[in-house]
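Listed below are the residues making up each chain.
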Amino acid sequence: MTVLASSLDVGSAGYAGRRDWMLARLAELDAEHAKAIGGGGPKYVQRHRDRGKLTVRERVELLIDPDSPFLELSALAGYGTGFAVGGSGVTGIGVIEGTECLISASDPTVRGGSTNPWSLRKSMRAMRIAIENRLPFVNLVESGGADLPTQKEIFIPGGQVFRDLTQMSAAGIPTIALVFGNSTAGGAYVPGMSDYVVMIEGRSKVFLAGPPLVKMATGEESDDESLGGAAMHARQSGLADFLAADELDALRIGRSIVARLNWRANGPARAPGRAEPPVHDPGELLGLVPEDLKVPFDPREVIARLVDGSRFDEFKPLYGTSLVTGWAALHGHPIGILANARGILFSAESQKAAQFIQLVNQVGVPLLFLQNTTGYMVGASYEQAGIIKHGAMMINAVSNSRVPHLTIIMGASYGAGNYGMCGRAYSPRFLFSWPSAKSAVMGPAQLAGVLSIVGRQAAAARGEPFDEEADAAMRSMVEQQIEAESHPFVLSGMLYDDGVIDPRDTRSVLGMCLSAIFSAPGAGPGGARDWPDPGPAGAARAGGTARYGIFRM
Ligand code: COA
């Protein structure tokens, strides 16, 4: 296999400028992540500590194996919506007693840990990841239930959380609830539906209705402990399987439950030998993407900084050259890669993509999409040459591909290019964005220009004069709006990706994703048809070979 050469001039002014620009974006990202880490703010965190409680992130940290990495998901949930950044909780993949688990934890310092529309989407996304990748699911519960002022957006779709919990259990994916505090109303069904429930004496409170509501409903006088205390649930109702003395004890019990699952990952044999790092420094990914996404960059420079030994076996390098396709390994996992080169997808690129996706399915290895596309080529000659049909072939191949997909949005992700390159609607197992990513139906200037032309034609059809001044104002306003809506933090806030990551971490993040993917029963060599259905229904309990390596970020 060819070791990719690099022509990136790290001593050039262009490299330095791009690097500075990316570092500035990463500083903005850090500031938003700091908000998520800050939970409900110093006042509520202090109150929580004064009650002798651990913060949500301390709980997660103590639950996972010492010094092991935690792949946090959806950290920007709720960004730009008026709700706290982070979606009143933490979700991610962590290793407990050597087993990769999906951890979903409510943050009681953010409005009592109540679930707002964005936290709901975040929890549901976490559950989807657990189901698709067959990861044991551990819930750290302390929540005031639905965010009452926004209940209309939560109540009906939120029922899926409980359905998914039971379906996971039925499919052999263990569900574990560690209850640290309140788990009221609908929230009471989280421990109710979980396979294993741990409650803390004097702390956990699980009831369908608290004392005030019981008084209102039936007139009965009650107190927290008799209604839903941990001791009552451990001794009388039977809802609690384990009674912990305190938070640390609950986390210890949670770890021992996972240890007893005897969970074994099951994937294809990995490339022999230790995974080699890339020859080229992943740190140089900082200086690759131009601020102006109209300026193309060579995705081989990215691949050279992601894959083992920078080795890449390019497929059809002379044909459809605006799309790079080929074979590589990442942390020892063989993968196929599709990467946009000059942004636009033409007919040749579309046909090449469809063929390559079929070949990857034949071999049965995961596919990595590296997006930087402005979409499919438009214009009379392209239409006449069949761009719709050829683009459809590519989108068809992506839609019906059965191997797991991973997507990184590096730069532009516009129009149907987002679909053909496996955007969110095409259900990649994981999708992460770089701070340089931008997604929309088309670029802001083009979109505003289309509206302007349509308006001009409509005025002409009505026989009215066209108001140039109003048109210029409209175009400027629309451009600003689309620019803001295309921003990666905004899209991540809406859960259209699984997080915005530092380009330097891409290899580690993808390595962790691949490791998680192989928590599911995987394909043997040549066994694409063996990849499981994403839903829990057809999935069987994994068995087989030992687990894969975990990578530090
Ligand atoms: N929806 C919206 N806001 C909520 C909320 C909910 N379900 N639960 C709590 N909050 C808000 C509170 O109004 C408070 O806001 P403020 O600080 O601006 O006044 C903040 O979250 C903290 O709540 P507080 O009661 O001070 O925290 P606590 O730690 O002492 O108690 C709870 C937390 C969850 C036990 C308590 O708030 C509670 O019982 N909430 C209602 C639970 C319920 O009946 N839910 C039904 C859901 S279907």
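Overview of the structure. Nothing here was measured: the structure is a model prediction, and the numbers come from that model.

**Re the pairing of strand E11 (residues 333–340)**
At step 1: Along E11, seven of the eight residues are buried, which leaves the element largely enclosed by surrounding structure.
At step 2: As paired elements, strand E10 (residues 323–330) and E11 share eight bridges and run antiparallel to each other. Within E11, the residue paired with tryptophan 327 across the bridge is glycine 336.
At step 3: Hairpin connection from E10 to E11: two residues lie between these consecutive antiparallel strands, with histidine 331 at a positive phi of about 50 degrees.
At step 4: As judged from the four bridges shared by E11 and strand E13 (residues 367–373), these two strands associate in the parallel manner. The residue bridging alanine 339 from the neighbouring strand is leucine 370, located in E13.

**Concerning empty space enclosed by the protein**
At step 1: Under the definition given, this model contains two cavities of 30 Å³ or more.
At step 2: Considering only enclosed or pocket space, the largest cavity measures out at about 60 Å³ in volume.
At step 3: Together, Ala36, Gly39, Arg57, Ala84, Val85, Gly86, Ser88, Gly89, Val90, Asp107 and Val110 line the largest cavity.
At step 4: Counted by class, the lining of the largest cavity contains five nonpolar, four polar and two charged residues.

**Concerning the packing of helix H4 (residues 117–133) against helix H5 (residues 151–170)**
At step 1: Interaxial distance between H4 and H5 falls to 10 Å at its minimum, and their mutual angle equals 20 degrees. Regarding the angle of H4 to H5, the classification is roughly parallel. Considering only the axes of H4 and H5, their crossing is left-handed. Contacts between H4 and H5 involve Pro117, Leu120, Met124, Met127, Ala130 and Ile131 from the first element and Glu153, Ile154, Pro157, Gly158, Gln160, Val161, Asp164, Leu165 and Met168 from the second.
At step 2: Within the contact of H4 with H5, the residues separate by chemical class into 11 nonpolar, two polar and two charged.

**Section: the site of the ligand**
At step 1: Taken together, 15 residues lie near the ligand, and Tyr44, Arg47, Arg51, Gly144 and Ala146 sit nearest.
At step 2: Side-chain polar atom of arginine 51 to an oxygen atom of the ligand: 2.7 Å apart, as the coordinates give it.
At step 3: Here a nitrogen atom of the ligand and a backbone polar atom of leucine 148 are 3.0 Å apart.
At step 4: Taken together, the elements giving at least two residues each to the shell around the ligand come down to helix H2 (42–50) and strand E5 (175–184).

**Considering the environment of proline 435**
At step 1: Among the structural elements, proline 435 can be located in the loop between strand E16 (430–433) and strand E17 (438–440).
At step 2: In this structure, the C-alpha to C-alpha distance between proline 435 and arginine 260, residues 175 residues apart in sequence, is 40 Å.
At step 3: Residue contacts for proline 435: discarding those within four places in its chain leaves Met22, Arg25, Leu26, Leu29, Pro488, Val500, Ile501 and Pro503.

**Some words on the state of the cysteines**
At step 1: Applying the stated criterion across every chain yields a total of zero disulfides.
At step 2: No disulfide involves cysteine 513; its sulfur sits 13 Å from that of cysteine 422, the nearest cysteine.
At step 3: When its relative accessible area of 0% is taken as the criterion, cysteine 513 is described as buried.

**Quick look at the nonpolar core**
At step 1: Ile337, Leu370 and Phe430 are the most contacted members of the largest nonpolar core, which totals 79 residues.
At step 2: With residues near it in sequence (within four places) discarded, leucine 370 still touches Val302, Ile303, Leu306, Ile337, Leu338, Ala339, Asn340, Ile408, Met410 and Met421.
At step 3: By size, the runner-up hydrophobic cluster in this structure holds 26 residues, among which are Leu63, Leu178, Ala244 and Leu261.

Parameters at a glance
- Residues numbered from 1 in each chain as written.
- Predicted model: local features only at pLDDT ≥ 70, side-chain atom pairs only at ≥ 80, totals over all residues.
- Heavy atoms only, no water.
- Buried < 20%, exposed > 50% of the residue type's maximum accessible area, 1.4 Å probe, protein only.
- Helix = DSSP H or I, 4+ residues; strand = E, 2+ residues; numbered from the N terminus.
- Pairing = 2+ DSSP bridges.
- 1 Å grid on protein atoms, 1.4 Å probe; cavity = no way out; pocket = protein on both sides within 12 Å on 5 of 7 lines; lining within 4 Å.
- Points joined across faces, edges and corners; volume = space filled by probe spheres on them.
- Nonpolar A, V, L, I, M, F, W, Y, C, P; charged D, E, K, R; others polar.
- Axes fitted to C-alpha atoms, helices over the stretch in contact; angles between N-to-C directions.
- Parallel < 35°, antiparallel > 145°, perpendicular 65-115°, else oblique.
- Left-handed = near helix turned anticlockwise from the far one by under 90°.
- Contact = heavy atoms within 4.5 Å.
- Near = heavy atom within 4 Å.
- Polar contact = N/O pair within 3.5 Å; in protein donor to acceptor, adjacent residues only side chain to side chain.
- Disulfide = S-S within 2.5 Å.
- Core = buried A, V, L, I, M, F, W, Y, C linked by side-chain atoms within 4.5 Å.

By themselves, these observations are geometric and do not establish any function.
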